[in-house]
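Residue-level listing of the chains:
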Protein chains: 2
Amino acid sequence: MRTRAALAVKAGQDLEIVDLELEGPREGEVLVEVKATGICHTDDFTLSGADPEGIFPAVLGHEGAGVVVDVGPGVKSVKKGDHVIPLYTPECRECPSCLSRKTNLCTAIRGTQGQGLMPDGTSRFRTLDGDPVFHYMGCSTFSNFTVMPEIALAKVREDAPFDKICYIGCGVTTGVGAVLNTAGVEQGAKAVVFGLGGIGLNVIQGLRLAGADMIIGVDINPARKEWGEKFGMTHFVNAAEVGDDIVPHIVNMTKKGADQIGGADYTFDCTGNVKVMRAALECAHRGWGVSVVIGVAPAGAEISTRPFQLVTGRTWKGTAFGGARGRTDVPKIVDWYMDGKIEIDPMITHTMPLEKINHGFDLMRKGESIRSVVLF
Amino acid sequence: MRTRAALAVKAGQDLEIVDLELEGPREGEVLVEVKATGICHTDDFTLSGADPEGIFPAVLGHEGAGVVVDVGPGVKSVKKGDHVIPLYTPECRECPSCLSRKTNLCTAIRGTQGQGLMPDGTSRFRTLDGDPVFHYMGCSTFSNFTVMPEIALAKVREDAPFDKICYIGCGVTTGVGAVLNTAGVEQGAKAVVFGLGGIGLNVIQGLRLAGADMIIGVDINPARKEWGEKFGMTHFVNAAEVGDDIVPHIVNMTKKGADQIGGADYTFDCTGNVKVMRAALECAHRGWGVSVVIGVAPAGAEISTRPFQLVTGRTWKGTAFGGARGRTDVPKIVDWYMDGKIEIDPMITHTMPLEKINHGFDLMRKGESIRSVVLF
């Protein structure tokens, strides 16, 4: 079949809106009509050429929502008409990772997904000239129709609006999940969030949900103060003003009552900057502070610190897709949105048709949007 | 009173066996007759001058066992005749750290202890000429008699032999505790221990106690293979032979059955070498591997890695005194020794009188001893 798509022809170029040929679903695969898709920094990371694993030409996009149009042989968990969210982290429930009960990082199709291919080692996308086009993160939601492995689809309730829940396919789950699944934040905690973009704001609302008492947001953009406060931030630090003293500054802010050591119970890096990751670790509380890396660093960049920081009780962790198991947890997060436990609407600052997708990338690069959503 | 002690006069010199003047216990303090004390790498780290916080002249030693001789006003938890193990990590049960339930790093007397002083800011030791001598790690067990804060004494059973349980004052608790308290190793786990000295061997026996299935020991000294096997090591890797391929080498060793990703569930650095700490992290299992830093690194040394290692599910932690709360946990570990759950006797490879203490340091530096114990 034909599908309208935004094609990443090569690194560093704008996406091109084209018609592509899409082959139907093979065994264990599902054809999905994408109804809405968010534009995420990770798409831009790959499009820019900075992603060492980026492959072109490809259909990018990994934050979508849509409807099942057709299923291949053997597909049991979804059927035509089901509403679904594509998962760049699948959940096969059979691999050693899924069965470990300790991680969400299903490895069933890791090899082929990283190569831009379906699990059988081939692509469903071609140009109209017949040249192969790669999949991206197993999703390729910048196409009106896409083919997904069954294990990479979360079935969700049908009354949830596509133009909002698409954000649960990456940003919302990553931020809220980092708080609930990876950090395990408890009532009354003190927390710091570095970087108040689309991920950071979702970390903030995750912290509010978890009952954190002190939610410190850190950004170099003063306009983000108001944004943070919308979702539960209690204190704002302008990192551009504080400069190199950011660690003692935050440690001092968190001293309270008998605790004159200071430091946050939980800190989150949502910047991808390795210097910020270090600061996030070092302003975690002596004895028990946990720091979670969420941001994606440039290729080759390394984090470092004195091991003394760990020996005196700090823990350095990371999270991917918020530690969420896609098929199990994503439908719950959709429920939370529908029940009003978490917000999404105010974060969707811009919507646009596929033809304007490059404008959405521009807004993101300039920091003018929180999230742009393409509506098909 | 007079006490015989090994005095660290200045950095880089042998200890001098001298008589010192010891003032009796003040409020909240206890006079202890030290019956036995181990010699630990940390003592040598300070004596060498590499410890940036080292202060001289001082009475070193922090791994002892002895008997209460006298108590100062207000002391309630121990009395004359009680058998005790001095604690360089005290347990006041009242500070924010103790009350957090999340750390063993009591901060009640941290400031003065780091300055080589009793909690009231003074020293109990003097030379016979009246010059002040500093305490060390709040213990100073290289003196036949020492004064300790009450909160830094674990009361232990009286049938336990001093010449063995002194080792519980540091090495045993650090190693076994890192496994049980900090890592929380479960039955069937795969683990790697880097560095098979006095700490590493105790990590190994902690892993055996926890029920680990695969216990890989790594050292550059092939003679340590036999030592590791005595305490439960199942596989030995000679790091000098494997060289830079140590991470893939270990990852391959741990692949089993359906799990062809490989990596250890838990890894422990007992070397203090920051490059080894990185290798320990990176051979932890994708998705859930936990790496624990135990070794003390040289001043200024930093650990580093790509943040991708954390984002894909590895956790980097550290431990001090094995995460053990001294007054609560140390008596239990003494019970475990007396019940035969853990071994100590074979690790005490050398004993000597105080006059031979410098020989004990030499044995340790040459890797010829596991633990030397000074008997008073």
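Scroll up to find the structure this text is about.
Note that the coordinates shown come from a computational prediction; the quantities given were computed from them, not determined experimentally.

Enquirer: So, the environment of Y167 of chain A: which residues are in play, and what are the values?
Expert: Residues and elements named next belong to chain A. The residue Y167 is located in the loop between helix 4 (162-165) and helix 5 (171-183) in this model. In this structure the C-alpha to C-alpha distance between Y167 and D43, which are 124 residues apart in sequence, comes to 14 Å. For Y167, the residues in contact, after removing those within four places along its chain, are E63, V172, G198, N202, I344, M347, I348, I370 and R371.

Enquirer: Got a sec to walk through empty space enclosed by the protein? Specific residues and values, please.
Expert: The method is simple in principle: a probe with the dimensions of a water molecule rolls over the atoms, and the space it marks as empty is what remains. For the structure shown, the criterion picks out one cavity of 30 Å³ or more. Its boundaries defined by the atoms lining it, the largest cavity holds a volume of some 40 Å³. Counted by class, the lining of the largest cavity contains five nonpolar, three polar and no charged residues.

Enquirer: Summarise the pattern of salt bridges; cite the residues concerned and give the values.
Expert: Evaluation of the coordinates by the stated rule reveals 48 salt bridges over all chains. Among the salt bridges present, the one from E229 of chain A reaches K225 of chain A, with a minimum N-O distance of 3.0 Å. One end of the pair is E229 of chain A and the other is K225 of chain A, both in helix 7 (residues 224-230) and four residues apart, which spans about a single turn. Judged by relative accessible area, K225 of chain A falls into the partly exposed class, the value being 37%. With its nearest N and O atoms 2.7 Å apart, the salt bridge here joins R278 of chain B to E302 of chain A. Placement of R278 of chain B in helix 10 (residues 274-282) and of E302 of chain A in the loop between strand 14 (290-293) and strand 15 (303-305) is noted, with the two residues assigned to different chains.

Enquirer: Account for the packing of helix 5 (residues 171-183) of chain B against helix 6 (residues 198-210) of chain B, naming residues and giving values.
Expert: Residue and element names in this part refer to chain B. Where helix 5 contacts helix 6, the axes come no closer than 7 Å and their chain directions differ by 45°. Taken together, the axes of helix 5 and helix 6 are oblique relative to one another. Judged by the twist between their axes, the crossing of helix 5 over helix 6 is right-handed. Judged by residue contacts, G171, V172, T174, G175, V176, V179 and L180 of helix 5 engage I199, N202, V203, Q205, G206, L207, L209 and A210 from helix 6. In the contact of helix 5 with helix 6, the residues fall into nine nonpolar, six polar and no charged.

Enquirer: Explain the relation of the copies chain A and chain B to me, using residue names and the numbers behind them.
Expert: Both copies of the chain are related by one operation, a rotation about an axis with a shift along it. Overlay of chain A on chain B (RMSD 0.0 Å): rotation 180°, translation along the axis 0.0 Å. Here the two chains are linked by the operation of a two-fold rotation axis. Nearest to the rotation axis, the C-alpha of S304 of chain A is located 2.0 Å from it, this being the minimum over chain A. Taken together, the interface assignments show that 100% of the residues at the interface of chain A recur at the interface of chain B, consistent with an identical surface on both copies.

Enquirer: Kindly report on the interface of chain A and chain B, identifying the contributing residues and their values.
Expert: Taken together, the contacts link 40 residues of chain A with 40 residues of chain B. Both sides of the chain A and chain B interface together cover about 3,300 Å² of buried area, and 63% of this is carbon and sulfur. Looking only at chain A, the three residues that lose the most surface to chain B are K102, W288 and V311 of chain A, adding up to 18% of its buried area. Between chain A and chain B we count four salt bridges in total. Breaking the side of chain A that touches chain B down by element, the ones donating at least two residues are helix 2 (96-100), helix 10 (274-282), strand 15, helix 11 (308-311) and strand 16 (315-318) of chain A.

Calculation notes
- Residues numbered from 1 in each chain as written.
- Chains lettered and ligands numbered in written order.
- Predicted model: local features only at pLDDT ≥ 70, side-chain atom pairs only at ≥ 80, totals over all residues.
- Heavy atoms only, no water.
- Helix = DSSP H or I, 4+ residues; strand = E, 2+ residues; numbered from the N terminus.
- Contact = heavy atoms within 4.5 Å.
- 1 Å grid on protein atoms, 1.4 Å probe; cavity = no way out; pocket = protein on both sides within 12 Å on 5 of 7 lines; lining within 4 Å.
- Points joined across faces, edges and corners; volume = space filled by probe spheres on them.
- Nonpolar A, V, L, I, M, F, W, Y, C, P; charged D, E, K, R; others polar.
- Salt bridge = Lys/Arg side-chain N within 4 Å of Asp/Glu carboxyl O.
- Buried < 20%, exposed > 50% of the residue type's maximum accessible area, 1.4 Å probe, protein only.
- Axes fitted to C-alpha atoms, helices over the stretch in contact; angles between N-to-C directions.
- Parallel < 35°, antiparallel > 145°, perpendicular 65-115°, else oblique.
- Left-handed = near helix turned anticlockwise from the far one by under 90°.
- Least-squares fit on C-alpha atoms with pLDDT ≥ 70 in both.
- Buried area = accessible area lost by both parts, 1.4 Å probe.

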